[in-house]
Amino acid sequence: MAGNCPVRTCVGCRMRCSDVELLRVVVSDGELIPDPGRRLPGRGAWVHPTNGCVAMAQQRRAFARALPGSRSFDETPIHRFITEE
(Lines give C-alpha, C1' and ligand atoms only; values in the text may rest on other atoms or scores of the structure.)
Protein backbone atom coordinates (compact mmCIF):
# COMPACT_ATOMS: atom_id res chain seq x y z
CA MET A 1 0.00 0.00 0.00
CA ALA A 2 1.15 3.48 -0.78
CA GLY A 3 1.93 5.88 2.06
CA ASN A 4 -0.48 8.82 1.63
CA CYS A 5 -2.96 7.34 -0.84
CA PRO A 6 -6.52 6.74 0.30
CA VAL A 7 -7.33 3.09 0.94
CA ARG A 8 -10.36 1.52 -0.74
CA THR A 9 -11.85 -1.98 -0.79
CA CYS A 10 -12.32 -3.93 -4.00
CA VAL A 11 -15.99 -4.96 -4.30
CA GLY A 12 -14.84 -8.18 -6.00
CA CYS A 13 -12.13 -9.75 -3.84
CA ARG A 14 -12.71 -7.48 -0.79
CA MET A 15 -8.97 -6.73 -0.56
CA ARG A 16 -8.05 -3.31 0.80
CA CYS A 17 -5.45 -1.38 -1.20
CA SER A 18 -4.59 2.12 -2.34
CA ASP A 19 -7.03 3.77 -4.70
CA VAL A 20 -4.39 3.98 -7.44
CA GLU A 21 -4.50 0.16 -7.73
CA LEU A 22 -8.27 0.09 -8.22
CA LEU A 23 -10.68 1.21 -10.91
CA ARG A 24 -13.55 3.47 -9.85
CA VAL A 25 -16.88 2.52 -11.43
CA VAL A 26 -20.05 4.65 -11.54
CA VAL A 27 -23.56 4.07 -12.90
CA SER A 28 -24.92 6.00 -15.86
CA ASP A 29 -28.19 5.00 -17.54
CA GLY A 30 -28.04 1.48 -16.09
CA GLU A 31 -24.48 0.85 -17.30
CA LEU A 32 -21.38 0.49 -15.18
CA ILE A 33 -18.98 3.10 -16.50
CA PRO A 34 -15.22 2.95 -15.80
CA ASP A 35 -13.94 6.16 -14.24
CA PRO A 36 -10.13 5.91 -14.39
CA GLY A 37 -9.79 9.67 -13.81
CA ARG A 38 -11.99 9.47 -10.69
CA ARG A 39 -13.91 12.58 -11.72
CA LEU A 40 -17.37 11.42 -12.82
CA PRO A 41 -20.23 12.51 -10.56
CA GLY A 42 -22.07 10.14 -8.29
CA ARG A 43 -21.28 7.38 -5.91
CA GLY A 44 -18.54 5.05 -7.06
CA ALA A 45 -17.54 1.47 -6.39
CA TRP A 46 -13.94 0.29 -6.55
CA VAL A 47 -12.69 -2.89 -8.22
CA HIS A 48 -9.35 -4.27 -9.36
CA PRO A 49 -9.17 -3.83 -13.15
CA THR A 50 -9.10 -7.57 -13.77
CA ASN A 51 -11.69 -9.92 -15.22
CA GLY A 52 -11.42 -12.06 -12.09
CA CYS A 53 -12.40 -9.30 -9.65
CA VAL A 54 -15.15 -7.99 -11.93
CA ALA A 55 -16.54 -11.54 -12.21
CA MET A 56 -16.43 -11.98 -8.42
CA ALA A 57 -18.23 -8.65 -7.97
CA GLN A 58 -20.93 -9.75 -10.43
CA GLN A 59 -21.29 -13.13 -8.74
CA ARG A 60 -21.60 -11.55 -5.29
CA ARG A 61 -23.96 -8.85 -6.67
CA ALA A 62 -21.57 -6.34 -5.13
CA PHE A 63 -22.17 -3.62 -7.73
CA ALA A 64 -25.91 -3.69 -7.00
CA ARG A 65 -25.25 -3.28 -3.26
CA ALA A 66 -22.57 -0.61 -3.61
CA LEU A 67 -24.20 1.60 -6.23
CA PRO A 68 -27.58 3.34 -6.35
CA GLY A 69 -30.17 2.62 -9.01
CA SER A 70 -31.20 -0.56 -10.73
CA ARG A 71 -30.34 -3.94 -9.29
CA SER A 72 -28.88 -5.24 -12.54
CA PHE A 73 -26.24 -3.39 -14.50
CA ASP A 74 -24.64 -3.82 -17.90
CA GLU A 75 -20.96 -4.60 -17.21
CA THR A 76 -19.93 -4.48 -20.89
CA PRO A 77 -18.18 -1.08 -20.63
CA ILE A 78 -16.00 -2.34 -17.77
CA HIS A 79 -14.98 -5.51 -19.63
CA ARG A 80 -14.24 -3.42 -22.73
CA PHE A 81 -12.08 -1.04 -20.66
CA ILE A 82 -10.15 -3.87 -18.99
CA THR A 83 -9.38 -5.68 -22.25
CA GLU A 84 -8.23 -2.46 -23.95
CA GLU A 85 -5.64 -1.66 -21.29
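Scroll up for the structure.
**Q** Can you help me understand unusual backbone geometry in this one?
**A** Generally, phi is negative for residues other than glycine and the peptide bonds are trans, each holding for most cases. Even without being a glycine, Arg14 presents a positive backbone phi close to 70 degrees. As for its placement among the helices and strands, Arg14 is situated in the loop between β1 (7-9) and β2 (16-18). A positive phi is found at Arg38, a non-glycine position, where the angle reads about 55 degrees. For Arg38, the position within the fold is in the loop between β4 (31-34) and β5 (45-47).

**Q** Would you mind showing me how to read the side chain of Glu75 here?
**A** Looking at the element boundaries, Glu75 is found in the loop between α2 (62-66) and α3 (76-84). Residues in contact with Glu75, not counting those within four places in the same chain, are Leu32 and Gln58.

**Q** Can you walk me through the nonpolar core in this structure?
**A** Generally speaking, soluble globular proteins have nonpolar side chains that are buried together. Ranked by size, the top nonpolar core spans 22 residues in total, and within it Val11, Leu32, Val47, Phe63, Leu67 and Ile78 carry the most contacts. Within the residue set of this core, elements represented by two or more residues are β3 (23-28), β5, α1 (51-59), α2 and α3. Ignoring any residue separated from it by four or fewer positions in sequence, one finds Leu67 in contact with Val25, Val27, Leu32, Arg43, Gly44, Ala45 and Phe73.

**Q** When you look at the packing of α1 against α3 in this model, what are you seeing that I'm missing?
**A** Each pair of packed helices can be summarised by the angle the axes make with each other and by the distance between the axes. For the pair α1 and α3, the least separation of the axes is 10 Å and the interaxial angle reads 165 degrees. When the axes of α1 and α3 are compared, the pair comes out roughly antiparallel. When the axes of α1 and α3 are compared, the crossing they make is right-handed. Contact residues: α1 offers Asn51, Val54 and Gln58, while α3 offers Ile78, His79 and Ile82. A breakdown of the residues in the contact of α1 with α3 according to their chemical character gives three nonpolar, three polar and no charged.

**Q** Before we go on, may I ask you to explain α3 in this structure?
**A** In an α-helix, one turn spans 3.6 residues, which is why side chains three or four residues apart end up on the same side. Taken residue by residue, α3 has Pro77, Ile78, Phe81 and Ile82 as its buried positions. Considered in projection along α3, the buried side chains sweep an arc of 135 degrees and stay on one side of the axis. Of the exposed residues in α3, the ones pointing more than 90 degrees away from its buried face are Thr83 and Glu84. Taken together, the buried residues of α3 touch β3, β4, α1 and α2.

Each value, and the rule that gives it
- Residues numbered from 1 in each chain as written.
- Predicted model: local features only at pLDDT ≥ 70, side-chain atom pairs only at ≥ 80, totals over all residues.
- Heavy atoms only, no water.
- Helix = DSSP H or I, 4+ residues; strand = E, 2+ residues; numbered from the N terminus.
- Contact = heavy atoms within 4.5 Å.
- Core = buried A, V, L, I, M, F, W, Y, C linked by side-chain atoms within 4.5 Å.
- Buried < 20%, exposed > 50% of the residue type's maximum accessible area, 1.4 Å probe, protein only.
- Axes fitted to C-alpha atoms, helices over the stretch in contact; angles between N-to-C directions.
- Parallel < 35°, antiparallel > 145°, perpendicular 65-115°, else oblique.
- Left-handed = near helix turned anticlockwise from the far one by under 90°.
- Nonpolar A, V, L, I, M, F, W, Y, C, P; charged D, E, K, R; others polar.
- Arc of directions from axis to C-beta.

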